[in-house]
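Listed below, chain by chain, are the residues.
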Protein chains: 2
Amino acid sequence: MSHATQALSYLKDHHAQYLEELQAFLRLPSISALSDYKSAVKDTAIWLKERLHQAGMVVSRVDETEGNPIVYAETDQDPTKPTILVYGHYDVQPVDPLDQWTHPPFTPTITDNILYARGASDDKGQVYMQLIAAEAWMKTGTLPVNLKFLFEGEEEIGSIHLDDYIRSHQDQLHADVAVISDTPMFADGVPAVCYGLRGLAALEVHIEGPRQDLHSGVFGGAVANPAHVLAQILASLHDSEGRVTVPGFYDAVDTLSATERENFGSLPFDATEFLASTGSPALYGESGYTTLERIWTRPTLEVNGMWSGFIGEGRKTIIPQSAHAKISCRLVPHQDPDDILDRVEEYLRQQCPPTVRLRIERGEGAPGSVTPLDHPATQAAVQAIRDIYHKEAAYIRMGGSIPVVVTFDTVLHIPTVLLGFALPNENFHAPNEHFHLDNFYKGAETVATLWHYLGERAES
Amino acid sequence: MSHATQALSYLKDHHAQYLEELQAFLRLPSISALSDYKSAVKDTAIWLKERLHQAGMVVSRVDETEGNPIVYAETDQDPTKPTILVYGHYDVQPVDPLDQWTHPPFTPTITDNILYARGASDDKGQVYMQLIAAEAWMKTGTLPVNLKFLFEGEEEIGSIHLDDYIRSHQDQLHADVAVISDTPMFADGVPAVCYGLRGLAALEVHIEGPRQDLHSGVFGGAVANPAHVLAQILASLHDSEGRVTVPGFYDAVDTLSATERENFGSLPFDATEFLASTGSPALYGESGYTTLERIWTRPTLEVNGMWSGFIGEGRKTIIPQSAHAKISCRLVPHQDPDDILDRVEEYLRQQCPPTVRLRIERGEGAPGSVTPLDHPATQAAVQAIRDIYHKEAAYIRMGGSIPVVVTFDTVLHIPTVLLGFALPNENFHAPNEHFHLDNFYKGAETVATLWHYLGERAES
């Protein structure tokens with residue numbers, strides 16, 4: 001049934017060794033956020049480089065940056081084969097609160113075929129899974145594709161030096177498609193290919209009225225209150241149907257296709273469970289869309305924070321000097337962040353009365369991204385999942401952003417396939433992070449099979 | 001012309017002594033807000049009690065409270081005469097920023113007949129002015145009224161123990177009318193009787209959505225954002241004419257009489273100067289009213305502070321867990337604070353959608369107060385001003401609250417005449433506080449004359 005028989009057999013024959021080695025990888029406390037762990041981060045990079053070398057890579061390096069190093073590796077590059085850029089990260093989140101861990105975070109522990117450790121699913125387990133899928137091919141024959149591995153050590157602190165590295169290593173990183181295993185499946189037993197991400201556009205609104213806070217007895221009723229004006233402006237940004245009122249906000253948004261609606265509708269999405277996970281009293285969003293459609297395919301405009309006047313304990317009867325809001329839009333593919341910020345800014349200026357002063361501070365933006373469903377790489381991933389899981393892959397999107405996907409798109413001009421094998425509830429960033437070993441092994445097999453299909457497609 | 005000839009002559013003959021003594025009073029650094037000045041506050045109370053005794057009071061005491069003492073004094077009480085309760089405070093504001101004072105704050109300095117010192121106008125100068133007006137009568141004959149003096153030492157820190165004192169000394173404080181000299185005249189050369197104050201009703205609004213801040217990528221678009229809901233609710237509290245939209249909010253508000261409008265319209269009010277003093281780009285308020293009418297006679301609803309989500313530096317793309325606002329209403333006479341809070345609360349509950357939870361925390365309230373223009377005490381003050389200043393008094397109101405006036409009204413059931421001789425720009429609470437000595441002397445004469453008219457009215 002599979003077309004990667006020897007590689008898959010090799011993977012199956014080495015479960016014990018791989019589990020042993022993955023645990024060694026997880027024992028290294030590569031917390032990027034804490035400077036005390038600086039040398040552990042470095043040790044982890046060296047461990048990974050060595051292991052890539054053992055796997056049969058012809059290039060395997062630790063590339064220093066001004067922050068944590070990037071581990072880079074290449075298999076033998078054959079110009080007749082397609083080239084795949086694999087991205088992942090070897091750094092992990094801090095472990096606080098430590099007392100909520102059932103087992104020490106850097107002492108990997110296996111219970112009921114689940115591996116508990118910081119980094120098990122996010123992302124060391126998946127990095128290692130990529131590594132062994134390549135090794136299995138190389139130890140048993142010839143890889144059907146050229147692989148390039150880009151593993152960074154700063155993902156959990158905002159990938160500070162990654163973009164610079166990509167920009168200055170464009171020739172080295174030249175590839176046909178990128179593959180990232182750092183996302184979850186849709187649910188347990190529902191392997192998925194994620195083909196769309198939302199982008200972001202942020203700004204801050206500052207409303208200024210009097211020179212300083214005014215006594216609300218002496219002045220109240222005679223000058224505009226900046227908090228009132230801000231409330232009015234913010235309230236004007238959505239209509240009663242939950243739609244953003246900024247003219248042209250939805251102009252570039254694709255109409256949701258019948259196929260996508262059908263795909264999303266067929267997913268085992270439990271709205272009650274989703275609601276419970278938020279703690280909100282009710283679901284709420286743009287009229288005419290389901291919850292998944294709202295999160296995955298519709299742009300939003302959210303106030304992330306706002307403040308004005310006296311916010312301490314007790315009471316201060318003032319007219320605040322100013323009022324402020326931090327706003328960000330989640331964008332969908334084809335919305336241009338600059339264009340959206342222009343439109344939002346223009347609308348805000350129109351809404352603001354002359355009784356106060358308005359200042360807008362524009363923040364950064366990043367477009368959304370989408371890899372077409374019929375892209376050969378997407379279809380190869382779907383076939384690989386079919387082979388290994390004996391299931392049709394779910395076509396999913398995500399409401400968040402993965403900045404490196406945007407960089408791959410805008411700098412390297414390549415699409416990305418997001419093929420992850422974690423589960424949504426495996427406690428990334430929280431105590432008792434874990435990874436289902438069944439998905440670890442099957443994930444490695446799926447990736448090994450993906451290389452087969454990508455090679456085959458190139459040949460045909 | 002005056003009917004208090006001997007008392008007025010006595011005052012004029014003792015300018016030098018009074019100026020000397022007032023400076024001694026001002027040298028005592030009675031800062032109530034700073035515990036380092038605790039003993040200075042006590043020394044000031046004792047100084048004042050001694051001086052009241054010298055003036056001829058038959059009762060003169062320092063009454064301890066759990067905070068700073070209250071100085072209480074009485075003239076000889078004749079049951080055939082009306083009784084006046086005089087209130088003032090001997091504590092002062094802190095002096096920071098000290099480097100902005102031209103002269104040391106507790107080294108009184110006279111320049112161009114203006115006395116510079118902390119407390120000169122707020123309120124030691126006016127307390128002492130009340131004292132010498134009584135002394136002048138007692139040294140030259142018989143007071144036409146019974147006087148009771150209530151001078152507290154905690155006005156600048158919220159009169160913490162005053163209400164308790166008044167409640168537990170109702171017999172002692174029994175009087176026909178209260179007189180307070182702790183307010184400014186309308187402007188230089190415009191002596192005024194203040195006959196109305198606004199009240200206050202406060203509450204806090206808490207909107208809660210999800211259990212904790214949510215990732216705006218993962219959840220954005222699917223649950224209500226508490227900051228949006230708060231903005232919508234706050235925006236709904238005013239209409240486009242600047243009116244409060246809460247049903248019944250204006251029900252108890254008196255229609256402004258033609259006389260009042262005429263009085264206010266005739267005052268030398270400079271809107272440009274007023275606007276400049278705020279620093280706001282424009283005046284703004286309820287349609288159909290002038291600025292003075294808006295501040296003095298119309299109720300308001302102001303957001304004093306609001307906060308939600310992430311308000312630090314940078315950006316955090318979240319849906320905030322909650323959003324909060326501190327609101328206070330300035331009330332005009334006849335509006336009942338509880339009734340207003342009921343109405344505002346009910347309206348807020350109606351405006352809040354079921355997608356979030358609303359919690360309202362009611363704060364304290366105090367009614368506004370007004371002493372009728374034709375009240376004998378008001379008219380006596382007007383006549384006294386006419387005698388001394390050779391001018392018609394301005395009938396003014398104030399937009400703020402003076403809590404003790406409410407206590408006199410609700411506990412002692414007496415009206416209050418606000419007869420102050422400071423000027424609005426004499427830097428109360430700021431560096432270089434001062435008091436025009438001309439108004440100090442004329443103020444004492446006006447008060448002495450007021451006792452005459454109040455006694456005469458009681459006789460007739």
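Residues numbered from 1 in each chain as written. Chains lettered and ligands numbered in written order. Predicted model: local features only at pLDDT ≥ 70, side-chain atom pairs only at ≥ 80, totals over all residues. Heavy atoms only, no water.

Caption draft 1: Highlighting helix H1 (residues 5–13) of chain B. Residues and elements named next belong to chain B. By the burial criterion, the buried members of H1 are Ala7, Leu8, Tyr10 and Leu11. Down the axis of H1, the buried side of the element spans an arc of 155°, and every buried residue falls inside it. Structural note: H1 exposes Gln6 and Asp13 on the side pointing more than 90 degrees away from its buried face. (Buried < 20%, exposed > 50% of the residue type's maximum accessible area, 1.4 Å probe, protein only. Helix = DSSP H or I, 4+ residues; strand = E, 2+ residues; numbered from the N terminus. Arc of directions from axis to C-beta.)

Caption draft 2: Fine view of the domain arrangement of chain A. All names here are of chain A. If you check the domain split of chain A, you get domain 1 (5–197 + 368–459) and domain 2 (199–253 + 299–366). Between the C-alpha centres of domain 1 and domain 2 there is a distance of 40 Å. Surface buried jointly by domain 1 and domain 2 totals about 530 Å² across both partners, of which 54% is contributed by carbon and sulfur atoms. Interface area lost by domain 1 to domain 2 is led by Gly368, Val370 and Ser401, which between them contribute 59%. There are one residue pair in polar contact (both at pLDDT 80 or more) connecting domain 1 and domain 2. For the side of domain 1 that touches domain 2, the class distribution of residues is two nonpolar, five polar and one charged. (Domains from an automatic or database assignment. Buried area = accessible area lost by both parts, 1.4 Å probe. Polar contact = N/O pair within 3.5 Å; in protein donor to acceptor, adjacent residues only side chain to side chain. Nonpolar A, V, L, I, M, F, W, Y, C, P; charged D, E, K, R; others polar.)

Caption draft 3: Molecular detail of the packing of helix H2 (residues 15–27) of chain A against helix H4 (residues 124–140) of chain A. Residue and element names in this part refer to chain A. At a minimum axis separation of 10 Å, H2 and H4 run at an interaxial angle of 140°. When the axes of H2 and H4 are compared, the pair comes out oblique. Along this stretch, H2 crosses H4, giving a crossing that reads as right-handed. Seen from H2, the contacting residues are Tyr18, Glu21, Leu22, Phe25 and Leu26; seen from H4, they are Lys124, Gly125, Val127, Tyr128, Ile132 and Glu135. (Axes fitted to C-alpha atoms, helices over the stretch in contact; angles between N-to-C directions. Parallel < 35°, antiparallel > 145°, perpendicular 65-115°, else oblique. Left-handed = near helix turned anticlockwise from the far one by under 90°. Contact = heavy atoms within 4.5 Å.)

Caption draft 4: Structural detail: helix H11 (residues 337–351) of chain B. Residue and element names in this part refer to chain B. Taking 1.5 Å of rise per residue, 15 residues should cover 21 Å, and H11 covers 21 Å from first to last C-alpha, within 8% of that figure. Along H11, the positions that sit buried rather than exposed are Pro337, Ile340, Leu341, Val344, Glu345, Tyr347 and Leu348. Looking straight down H11, one finds its buried side chains confined to an arc of 165°; they lie on one side. The elements touched by buried residues of H11 are strand S9 (199–208), helix H7 (226–235), strand S11 (300–309), strand S13 (322–331) and strand S14 (357–366). (Expected span 1.5 Å × (residues − 1).)

Caption draft 5: Here's a closer look at the interface of chain A and chain B. On the side of chain B, 73 residues touch chain A, which itself brings 73 residues to the contact. Overall, the association of chain A and chain B removes approximately 5600 Å² of surface from exposure, summing both partners, and the carbon and sulfur fraction of that is 54%. It is Asn304, Met306 and Arg315 of chain A that lose the most area in chain A upon contact with chain B, and together they represent 12% of the buried surface on that side. One can count two salt bridges joining chain A with chain B. Arg315 of chain A is the partner of Glu364 of chain B in a salt bridge, and the nearest nitrogen-oxygen pair spans 2.7 Å. (Salt bridge = Lys/Arg side-chain N within 4 Å of Asp/Glu carboxyl O.)

Caption draft 6: Quick peek at the sheet that holds strand S18 (residues 434–436) of chain A. Residues and elements named next belong to chain A. Read across the open sheet, the three strands follow the order S4-S5-S18; overall the sheet is antiparallel. Strands with a single pairing partner mark the edges of an open sheet, and in this sheet they are strand S4 (109–111) and S18. Pairwise comparison of adjacent strand axes, ignoring direction, gives a mean angle of 25° for this sheet. Note: strand S5 (residues 114–116) against S18, three bridges, orientation antiparallel. Note that in S18 the partner of Tyr116 across the bridge is His434. (Pairing = 2+ DSSP bridges.)

Caption draft 7: Quick peek at the nonpolar core. By size, the foremost hydrophobic cluster in this structure holds 108 residues, and its most contacted members are Leu150, Phe408 and Trp451 of chain A. Beyond its immediate stretch of four places on either side in the chain, Trp451 of chain A contacts Ile84, Val86, Gln130, Ala133, Ala134, Trp137, Leu143, Pro144, Val145, Leu147 and Val179 of chain A. Listed in part, the 107 residues of the second largest apolar core include Leu143, Leu162, Leu256 and Val382 of chain B. (Core = buried A, V, L, I, M, F, W, Y, C linked by side-chain atoms within 4.5 Å.)

Caption draft 8: Representation of the environment of Thr5 of chain A. All names here are of chain A. You can see Thr5 is positioned in helix H1 (residues 5–13). Exposure remark for Thr5: the relative accessible area of 52% places this residue in the exposed category. For the pair Thr5 and Tyr395, spaced 390 residues apart in the sequence, the C-alpha separation amounts to 26 Å.

Caption draft 9: Looking closely at the pairing of S11 of chain B. With eight of 10 residues buried, S11 of chain B is to be regarded as a mostly interior element. In this structure, strand S11 (residues 300–309) of chain A lies alongside S11 of chain B, joined through five bridges in antiparallel fashion. Across the sheet, residue Gly305 of chain A finds its bridge partner in S11 of chain B, namely Gly309 of chain B. Judged from the eight bridges that link them, S11 of chain B and S13 of chain B form a sheet pairing that is antiparallel. Bridge pairing in S13 of chain B places Met306 of chain B opposite Ala325 of chain B.

Caption draft 10: How the structure looks around the relation of the copies chain A and chain B. Of the transformation placing chain A onto chain B, the axial shift is 0.1 Å and the rotation is 179°, giving an RMSD of 0.1 Å. Put plainly, the chains are arranged around a two-fold axis. (Least-squares fit on C-alpha atoms with pLDDT ≥ 70 in both.)

Caption draft 11: Molecular detail of the environment of Lys148 of chain A. Residue and element names in this part refer to chain A. As for its placement among the helices and strands, Lys148 is situated in strand S6 (residues 146–152). Taking relative accessible area as the criterion, Lys148 reaches 7% and is therefore assigned buried. Each C-alpha atom, one on Lys148 and one on Met138, is 14 Å from the other, the two residues being 10 residues apart in sequence. Residues in contact with Lys148, not counting those within four places in the same chain, are Tyr72, Ala73, Glu74, Gln77, Thr83, Ile84, Leu85, Val86, Asp171, Gln172, Leu173 and His174.

Caption draft 12: Structural context of the packing of aromatic side chains. Residues and elements named next belong to chain A. With the rule as written, the count across this model stands at 31 aromatic pairs over all chains. Pairing Phe264 with Trp296 gives two aromatic rings, centres 5.0 Å apart and planes at 80°, and the pair type is edge-to-face. Linking Phe264 in helix H7 (residues 258–266) with Trp296 in helix H9 (residues 291–297), this pair joins segments that are 32 residues apart in sequence. Taken together, Tyr18, Phe25, Trp47, Tyr128, Phe435, Phe440 and Tyr441 form an aromatic cluster joined through their ring pairs. (Phe/Tyr/Trp six-rings, centres within 6.5 Å; stacked < 30°, edge-to-face > 60°.)

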